[in-house]
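Each chain is listed here by its residues.
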Amino acid sequence: MNAISIDLEDWFCAYNLRIDIKDWAQCELRVEENTNRILKILDNHKVKATFFVLGWIAERVPELVREIEKQGHEIATHGYSHRLITNMSPEEFEDDIQKSLDSINACVSSPVLGYRAPSFTITKKTLWAIDILKKHGIKYDSSIFPVGFHPDYGIADSPLDIHEFMGLIEVPLSVAEIMGKRIPCSGGGYFRLFPYNITKQLMKKCNEQGRPVIFYFHPWEIDTGQPRIDMPVLKRFRHYNNLGKTEKRLDKLLNDFEFVPIKKILGL
Ligand SMILES: [Zn+2]
């Protein structure tokens, strides 16, 4: 069994775009339409997923979050403001997590068990965040990317398996190990960048190595009509590459692998 997760945020929340939260209300809201398309694809395959909901989105479109829960998916938190933990003080982080839980709990009935940091920013510098998550009733974290090459995230020597970490269950983003190298096969930009068959082989490898794949993507990653923001060439490529292929690839992925919500893998 693998898990599929969606970080529920709109196009303007993405860190790469550097759009200030004060300006979000003026941006075109596209998350509902994109999420409804995702819900349809999941339903076609009878798959339940985990949605890491941004608190700001739960406040703006509570009916969407309620509908996701009604369709049997797991609701977890992605924080409130999408500020990276690496850019916050412990006090600011605690406010952010509290605010996110307040706005999500106002929409849903099941307790929120899981957390995913914006841009996977539980790193060696932000391990203090774990105690704050525990204090607020979070049972598992899915934020550690066990790689060492990315400037914003990653813990290079972190275990690849689901493991207990500082009293929380850690559900790392998936990598396949090939000749000692850790190659991400967990979704997002990697899913859009690699040809589908490469992802498929890496995921199989991960399963053969005895680990479930923890897969993630965002509603804006199936949205070819989103407003385009100017940014440096390489970033622009990574951010907008193959948006038009994601939906078809998801369909293949859901045919080729079994997925359940994260809490089911953990037996919670
Ligand atoms: Zn995010």
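In what follows, the structure referred to is the one given above.
Residues numbered from 1 in each chain as written. Predicted model: local features only at pLDDT ≥ 70, side-chain atom pairs only at ≥ 80, totals over all residues. Heavy atoms only, no water.

Peer 1: For this particular structure, what's the right way to read the pattern of salt bridges?
Peer 2: Where charged atoms from two side chains of opposite charge come close, those side chains can pair. Counting across every chain of the model gives 13 salt bridges. For Glu94, the salt bridge identified is with Lys135, shortest N-O distance 2.7 Å. Linking Glu94 in helix α4 (residues 90–105) with Lys135 in helix α5 (residues 129–135), this pair joins segments that are 41 residues apart in sequence. Look at Glu94 and you get partly exposed, because its relative accessible area is 21%. When its relative accessible area of 61% is taken as the criterion, Lys135 is described as exposed. Its salt-bridge partner being Asp131, residue Lys134 comes within 3.3 Å of it at the nearest N-O pair. Placement of the pair is Lys134 and Asp131 together in helix α5, with a separation of three residues, close to one helical turn. Under the relative-accessibility criterion, Asp131 is labelled partly exposed at 44%. Shared partners join several salt bridges into a network, and the residues in it are Glu28, Arg30 and Asp223. (Salt bridge = Lys/Arg side-chain N within 4 Å of Asp/Glu carboxyl O. Helix = DSSP H or I, 4+ residues; strand = E, 2+ residues; numbered from the N terminus. Buried < 20%, exposed > 50% of the residue type's maximum accessible area, 1.4 Å probe, protein only.)

Peer 1: Please explain the side chain of Asp10 as it appears in this structure.
Peer 2: Structurally, the position occupied by Asp10 is in the loop between β1 (2–8) and α1 (31–44). Buried charge without a partner: Asp10 forms no salt bridge, and the closest opposite charge is Arg30, 6.0 Å away. A polar side-chain atom of Asp10 sits 2.7 Å from the main-chain amide nitrogen of Arg30. (Lys, Arg positive; Asp, Glu negative; His and termini not counted. Polar contact = N/O pair within 3.5 Å; in protein donor to acceptor, adjacent residues only side chain to side chain.)

Peer 1: Would you take a moment to explain the packing of α1 against helix α9 (residues 243–256) for this structure?
Peer 2: The description of two helices packed together rests on the angle between their axes and the distance between the axes. Following both chains from N to C, one finds α1 and α9 inclined at 25 degrees, their axes separated by 10 Å at the closest point. If you check the angle between α1 and α9, you find them roughly parallel. When the axes of α1 and α9 are compared, the crossing they make is right-handed. On α9, the residues that touch Arg37, Ile41 and Leu42 of α1 are Glu247, Asp251 and Leu254. The residue inventory of the contact of α1 with α9, partitioned by class, reads three nonpolar, no polar and three charged. (Axes fitted to C-alpha atoms, helices over the stretch in contact; angles between N-to-C directions. Parallel < 35°, antiparallel > 145°, perpendicular 65-115°, else oblique. Left-handed = near helix turned anticlockwise from the far one by under 90°. Contact = heavy atoms within 4.5 Å. Nonpolar A, V, L, I, M, F, W, Y, C, P; charged D, E, K, R; others polar.)

Peer 1: Looking at this structure, I do not really get a nonpolar patch on the surface. What am I missing?
Peer 2: Where nonpolar side chains cluster on the molecular surface, the patch consists of Leu193, Leu234 and Phe237 and spans about 300 Å² of accessible area. Considering the arrangement of structural elements, one finds Leu193 in helix α6 (residues 188–193). (Patch = residues over 30% accessible without salt bridge, like charges linked within 9 Å, V, L, I, M, F, W, Y side chains within 5 Å. Areas by Shrake-Rupley, 256 points an atom, 1.4 Å probe, with all protein chains shown as cover.)

Coordinates in, geometry out; function isn't part of it.
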